[in-house]
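Residues per chain, in single letters:
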Amino acid sequence: MKDKDKTKEQLIKELKEIRQRIVELEKSEAGRKRVEEELRESEEKLRESKEHLRGIFDASEEIIFAKDPEGYYIHANAAFSRIFKRPLEEIIGKTDEEIFPREEAKVLREIDLEVLKRGETDTQEDVLTVKGDVHIFRTTKVPLRNEAGKIIGLCGFAEDITDSRRMSEELKERRMYLENIMRYLPDAVITEDAEGKV
């Protein structure tokens, strides 16, 4: 039916329907804009939260990392990069097999799998090669869980204890050396401090 053949009432009815549709469209447009603004605000808060977390993560002198269930690094902090002398780009998205010698990587993966299987925290001392030097790390691994409690990976914290372990071994050797001297000396030994006190 052509517009000129329509009655006045039909045209008024169509006009009201068009106006109602315009109001609905304006409401939905306003709603869409409101949702977009809320989304932008949420994204900004998420970005700020990630920046804060990254700041805390990188402020630690201790190595901090996270892996997915397949063993791929999904997060690592600046200490990891510094201690293992690799940029984060060479760590994130890689497995231990791509970072450490084969046997060391195998041991690390076995520990990871045990943490994922048992769902419990594990602390061990790992002996790892860093650019040809052997280091000892006290490493704690914790299962990561989603809101439903399902294990979705693991998080690790590692402290390089190489120097303290070496000093401890040196002290132990010196103590044994002195004990052996004392054991085989025929007479008593008297020692004095810097002020001459016995």
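Here is a short report on the structure shown in this document. Every value quoted in this text rests on a predicted model; they were computed, and no experiment measured them.

**Points about the overall build of the protein chain**
Argument step 1. Tallying secondary structure elements over the protein chain gives four helices and five strands in all.
Argument step 2. Reading the secondary structure of the protein chain in the N-to-C direction produces α-β-β-α-α-β-β-β-α.
Argument step 3. The C-alpha atoms of the protein chain give 34 Å as radius of gyration, which overshoots the globular expectation for 198 residues (16 Å, by more than 25%).
Argument step 4. Dimensions of the protein chain along its principal axes, counting C-alpha atoms only, are 130 × 45 × 30 Å.
Argument step 5. The contacts of the protein chain with a sequence gap of at least 6 include a subset with a gap of at least 24, amounting to 35%.
Argument step 6. Summing over all exposed atoms, the protein chain offers an accessible surface of approximately 15,000 Å²; the carbon and sulfur share of this is 54%.
Argument step 7. Mean positive and mean negative side-chain charge positions of the protein chain (39 and 48 charges, respectively) differ by 8 Å.

**Considerations on the layout of surface pockets**
Argument step 1. Considered as a void within the structure, the largest pocket measures approximately 320 Å³ in volume.
Argument step 2. Every element with two or more residues in the lining of the largest pocket is listed here: helix 1 (8-59), strand 1 (63-67) and strand 2 (73-76).
Argument step 3. In the lining of the largest pocket, the residues fall into eight nonpolar, two polar and two charged.

**Notes on the environment of arginine 86**
Argument step 1. Inspection of the secondary structure assignment puts arginine 86 in the loop between helix 2 (78-83) and helix 3 (102-118).
Argument step 2. Each C-alpha atom of the pair arginine 86 and proline 101 lies 15 Å from the other, and the pair is 15 residues apart in sequence.
Argument step 3. Every residue in contact with arginine 86, bar those within four places of it in the chain, is listed here: Ser81, Ile91, Glu98 and Ile99.
Argument step 4. A distance of 3.2 Å separates a polar atom in the side chain of arginine 86 from the backbone oxygen of isoleucine 99.

**A few points about a nonpolar patch on the surface**
Argument step 1. Residues Tyr177, Leu178 and Ile181 make up a contiguous nonpolar surface patch of roughly 310 Å² in combined accessible area.
Argument step 2. Mapped onto the secondary structure, leucine 178 falls in helix 4 (residues 162-184).

**Things to note about the packing of aromatic side chains**
Argument step 1. Scanning all chains against the criterion turns up six aromatic pairs.
Argument step 2. Aromatic side chains phenylalanine 65 and phenylalanine 80 sit 6.2 Å apart centroid to centroid with 85 degrees between the ring planes, which places their arrangement in the edge-to-face category. Of this pair, phenylalanine 65 sits in strand 1 while phenylalanine 80 sits in helix 2; the two residues are 15 residues apart in sequence, bridging distant segments of the chain. The same class applies to phenylalanine 65 as to phenylalanine 80, namely buried.
Argument step 3. An aromatic cluster is present here, built from Phe65, Tyr73, Phe80, Phe84, Phe100 and Phe137 joined pairwise through their rings.

**Focus: the pairing of strand 2**
Argument step 1. Pairing of strand 1 with strand 2 involves three bridges; the strand directions are antiparallel. Its bridge partner lying in strand 2, phenylalanine 65 is registered against alanine 76.
Argument step 2. Between the antiparallel neighbours strand 1 and strand 2 lie five residues, among them glycine 71 with a positive phi of about 95 degrees.

What counts and how
- Residues numbered from 1 in each chain as written.
- Predicted model: local features only at pLDDT ≥ 70, side-chain atom pairs only at ≥ 80, totals over all residues.
- Heavy atoms only, no water.
- Helix = DSSP H or I, 4+ residues; strand = E, 2+ residues; numbered from the N terminus.
- Rg over C-alpha atoms; globule rule 2.2 N^0.38 Å.
- Contact = heavy atoms within 4.5 Å.
- Areas by Shrake-Rupley, 256 points an atom, 1.4 Å probe, with all protein chains shown as cover.
- Lys, Arg positive; Asp, Glu negative; His and termini not counted.
- Charge placed at Lys NZ, Arg CZ, Asp CG, Glu CD.
- 1 Å grid on protein atoms, 1.4 Å probe; cavity = no way out; pocket = protein on both sides within 12 Å on 5 of 7 lines; lining within 4 Å.
- Points joined across faces, edges and corners; volume = space filled by probe spheres on them.
- Nonpolar A, V, L, I, M, F, W, Y, C, P; charged D, E, K, R; others polar.
- Polar contact = N/O pair within 3.5 Å; in protein donor to acceptor, adjacent residues only side chain to side chain.
- Patch = residues over 30% accessible without salt bridge, like charges linked within 9 Å, V, L, I, M, F, W, Y side chains within 5 Å.
- Salt bridge = Lys/Arg side-chain N within 4 Å of Asp/Glu carboxyl O.
- Phe/Tyr/Trp six-rings, centres within 6.5 Å; stacked < 30°, edge-to-face > 60°.
- Buried < 20%, exposed > 50% of the residue type's maximum accessible area, 1.4 Å probe, protein only.
- Pairing = 2+ DSSP bridges.

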